[in-house]
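A look at the structure
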Amino acid sequence: MKFSLSMQSILAMAVILMLALPQSVSAQVPARFYWKNLVGGNAVPVVYMDMSGNANPLDPAQFVVPESSFEATVALGGYAKTFTLFDRSALVAALLPVGRISGGASLFGRDFTESTNGFGDPTLEFVINVLGPPAIKNIPQAMRYEPGFSLDLLVDLIVPVGEYDDDQLLNMGQNRWYGRVAAPIVWQIGSWVPGRRTTLEFLPSVWLFDDNDDFLGHNLSTDPKFQVEAHLTRDFHKDLWGSIDVNWMGGGKSSLDGIDGDDLDMVGVGFTLGYHVNENFQLTAGYLASVSDDDPTDLQVDVFKVSLVFGWHPLVEGMKRLGGE
Amino acid sequence: MQWIKLPYRRAGIMALMLSASIAWADDRPNIVIILADDMGYADMGSFGGEIDTPNLDALAAEGVRFTQFYTHASCSPTRSVMLSGVDTHLNGLGNMSEWTAPNQKGVPGYEGYLNDSVVTLPQLLLRGGYHTYMTGKWHLGKAPDKIPRARGFERDFSLLDGGGNYWDMKNVTALTPRLVFTEDGQYLSELPEGYYATRTYTDKMIDFIEANRGDDNPFFAYVAHQAPHDPYHLPKEWRERHVGEYDKGWDSFRRERLNRQIELGITKKGTALAERMWFIPDPTQLAPAPRAVLGMKMELYAGMVENMDHHVGRLVNYLKSIGEYDNTIFLVFGDNGAEGTDLFEMIAGTPGTLNYLNAAINWSNTDPKAWGEPGSFIGYGPMWAQVSMTPFSQYKGWLAEGGIRNALIVSGPVVGRPDGSINDAVMHIVDIMPTLLDVAGTEYPTHLNGSELPPITGKSWLPLLAGEADTIRSGQDYLAWELFGNRALRQGDWKLRWQWKPFGTGDWELYNLATDPSERSNLADQAPDKVAALRILWEQYVAENNVIIPSRSIFETLEKQLPKRVPDDPGYPPLINKRQFVPPPEMVKEST
């Protein structure tokens, strides 16, 4: 006879979905990044990354400097908001990298041992769903959301306003416009019950670069870079999930004053763990390293990443306030 | 339940039939009973439901629908009467075994199982030359001498419990954690591979019929579906047929079903809906999220009914394929009103109890995305039970019309009425025994193994089905019920009712069902003479049928659990029902 509306479970469902908001754009994004959520939601991500390799980890052109060694400690902070466009789910986000980078390399007959810090180039991102469930405009739709086969269109634009010194090999900013067009894919495998969700996710993308006409006094140009990120994700518990991550990059040949380098051909593998801390917080931690880096000219990458996202939605927050939380 | 006028007593000349099967040169019809567990009066399309039930509706279209068919208010009492033709208080189900009261313990008629004082319908049909098959829920006893094989079913695949998991042997209660099944008189240690209750019951019944096909004996097939009883377990493809359709809430569906019932001729024009029970919210005042959560429960229920309909269709198609359909009588009905009580909460809702622990381990698949899967336990609650029982008041367990009135379809060679016709005769589950004995040409004996049998008190429907009569009961005949301490009696259009508070008043109430089938207007104060006359019949019923009012009841503390009962005046209070005032556009201006 008891009549219960189970509002607590409704709240939890809505917020769980909402916490899949962006965590990073210029770096490789974690799995489950493009799950949809209740439109009108907001998120502030903070991403901490510890990176090393033989290319500037902040430069998605991944310009390889053989025999070099770079290390970077970077934090990304930003803001994202979801909304509806043509009845499809859409998202805009802005992220700003800050941190420090250091390393040593030889280039143009010069030896560089440098370090720098400060603000990097901000990223502006727009994502709209093309195939899959319509925009989630209310909690009932959020409750019923299942991605099935979902495909988005993504556009990133990185604005060259970060700190840049044309006399330095290493910089936080890249001194050129660049961006990418991508098609995030989420493919649901099996049921969509929290604790048992499984997905196969892909992020094919093409990066496009303007020239950096003042790279140590030289002109740096980069061909389009192709990238496919793949994730097999699985819930271990309704609040804990993991993924196996594979990242391939190809193309993206860089040229210095017209002298061509090599195309990239990198395969990286890694893993991610995600934990739903509470109705507002989502935590992920992961590691990814290149495995196709035997040759000194091969791209070497090594990334530890921890992200914390605070997400909220006015409706859900209002319900929580009424609930005395 | 008992008729005191013209009791159905067959002459005892056929007592010998108990000891010898009769060899018929047989063109007697086969008999199929489709019993749906907790299905509501208004769920089938042919009774006004929006649920897609093409196979059941096809039977209705070829047969006749009865609008005033009564069962008991819960399952095992109904089944006991159907299979024995004898009142519950005599046949062992004076109370459900789960709720036997202290003052009923040890009293004959209250054993909690179908007792040995009665002979069963399948026993008589078997000895009359019928094959007798049963699949599905039994709920009338578990001991070796109480199981279907011992009570007359030649073949069976039976769930002996009252309900449980549809996929495996898990039960809900901690001290009876394992469901008990029998097959052909043997207890099962495990279920067949790929078991799903509704499908397997159908498969088994087809197997039973197929095994004896060709020996020219007719069969009695009792398909006692577990569906759509909670928990609502069903394959995924059946869970997602009505996504979002029920989000608009129960009131809309009650109105729509009533309108369709009036269009179909199931319900008289001018009939009012019963009150929305006072503790059920007005769905228009609910936010979309809780409406959706509650709507999802009804989506599952609709899927349960549709899945059952699908499997009924498989059985029908099989009978057509073997050429037996045209010579088969179908009876389709539910066993009581739709279930509005939260059974899971009642059993497992108290932290710290064994049942709570059992539920935490086996029944905690609670995410709405998992509803319908094994380990989930979803019932649809009182708001949707009222929809299922449109236009009536209340639901299973109670003796308002919503607890005991059921949709009945009868089709087959005994039906001489126009295809798809509707009849309003007052009928009862107790009639099934004499009706089917008539169909089989078999008599009800006076004695069994030297003991005198209680008389069966129902009325054969054959004249009614043939179109030779429009009713089977006179104005003096009456029906009576008692269960859990609730009491009711119907004579003609009048119904006397006593129910526990707050569903009842704790006193006798009087309703005229001809003008008020929804039992909105208690006329007890206006017609005290009628109350007094019907109470005399009630006392007669009690005396003749061994009725012992229980000293304890499932409903004894309900008044303290529920909010105070108030009328369901539409639009009250205006505080939350008023709509935004919109001034005339020409009088609107911006402030200067």
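Residues numbered from 1 in each chain as written. Chains lettered and ligands numbered in written order. Predicted model: local features only at pLDDT ≥ 70, side-chain atom pairs only at ≥ 80, totals over all residues. Heavy atoms only, no water.

**Section: the overall build of chain A**
The secondary structure content of chain A amounts to 3 helices and 18 strands. A compact globule built from 325 residues should have a C-alpha radius of gyration of about 20 Å, and chain A, at 21 Å, falls within 12% of that. Each of the three principal axes of chain A carries a C-alpha extent, and together these read 85 × 35 × 35 Å. Across the 325 residues of chain A, 55% fall into the buried class. The long-range share in chain A, meaning contacts at least 24 apart out of those at least 6 apart in sequence, stands at 65%. Of the charged side chains in chain A, 20 are positive and 39 negative, and the gap between their average positions amounts to 18 Å. (Helix = DSSP H or I, 4+ residues; strand = E, 2+ residues; numbered from the N terminus. Rg over C-alpha atoms; globule rule 2.2 N^0.38 Å. Buried < 20%, exposed > 50% of the residue type's maximum accessible area, 1.4 Å probe, protein only. Contact = heavy atoms within 4.5 Å. Lys, Arg positive; Asp, Glu negative; His and termini not counted. Charge placed at Lys NZ, Arg CZ, Asp CG, Glu CD.)

**Points about the interface of chain B and chain A**
Listed by partner, the interface residues are 31 residues for chain B and 18 residues for chain A. With both sides pooled, the region where chain B packs onto chain A buries about 2,000 Å², and carbon together with sulfur makes up 68% of that total. Linking chain B to chain A there are 4 salt bridges. The residue Asp 247 of chain B makes a salt bridge to Arg 144 of chain A at a minimum N-O spacing of 2.8 Å. (Buried area = accessible area lost by both parts, 1.4 Å probe. Salt bridge = Lys/Arg side-chain N within 4 Å of Asp/Glu carboxyl O.)

**Observations regarding the sheet that holds strand β10 (residues 212-215) of chain A**
Residue and element names in this part refer to chain A. With antiparallel pairing, the 4 strands of this open sheet are ordered in space as β10-β11-β14-β15. Pairing within the sheet leaves two strands with one partner each, and these edge strands are β10 and β15 (259-260). The pairing of strand β11 (residues 218-222) with strand β14 (residues 254-256) spans 3 bridges and is antiparallel. The partner of Ser 221 across the bridge, within β14, is Ser 255. (Pairing = 2+ DSSP bridges.)

**Side note on the nonpolar core**
Buried together is how nonpolar side chains tend to be arranged in soluble globular proteins. Of all hydrophobic cores here, the largest spans 146 residues; its most connected members are Phe 181, Ile 209, Leu 315, Leu 319, Trp 384 and Phe 503 of chain B. Counting residues in hydrophobic clusters, the runner-up holds 52 residues, among them Met 134, Phe 333, Val 410 and Leu 436 of chain B. (Core = buried A, V, L, I, M, F, W, Y, C linked by side-chain atoms within 4.5 Å.)

**Some words on the side chain of Asn 406 of chain B**
Residues and elements named next belong to chain B. In this fold, Asn 406 is placed in strand β9 (residues 405-411). In this structure Asn 406 comes out as buried when scored by relative accessible area, which is 0%. A distance of 3.0 Å separates a polar atom in the side chain of Asn 406 from a polar atom in the side chain of Thr 71. Within the structure, Asn 406 has its side chain in polar contact with the backbone oxygen of Asn 336 (distance 3.4 Å). When residues no more than four places from it in sequence are discounted, the contact partners of Asn 406 are Met 39, Tyr 41, Phe 66, Phe 69, Thr 71, Gly 334, Asp 335, Asn 336 and Gly 337. (Polar contact = N/O pair within 3.5 Å; in protein donor to acceptor, adjacent residues only side chain to side chain.)

**Some points on the environment of Arg 88 of chain A**
Residue and element names in this part refer to chain A. The residue Arg 88 is located in strand β3 (residues 88-107) in this model. We classify Arg 88 as buried; its relative accessible area is 19%. Residues Arg 88 and Gly 132, 44 residues apart in the sequence, show an inter-C-alpha distance of 9.1 Å. Ignoring any residue separated from it by four or fewer positions in sequence, one finds Arg 88 in contact with Phe 83, Ile 128, Asn 129, Val 130, Leu 131, Gly 132, Pro 133, Pro 134 and Ala 135. Of the polar contacts made by the side chain of Arg 88, one reaches the side chain of Asn 129; its length is 2.5 Å. Here Gly 132 takes part through its backbone oxygen, which lies 2.7 Å from a polar atom of the side chain of Arg 88.

Keep in mind these numbers describe shape, not what the thing actually does.
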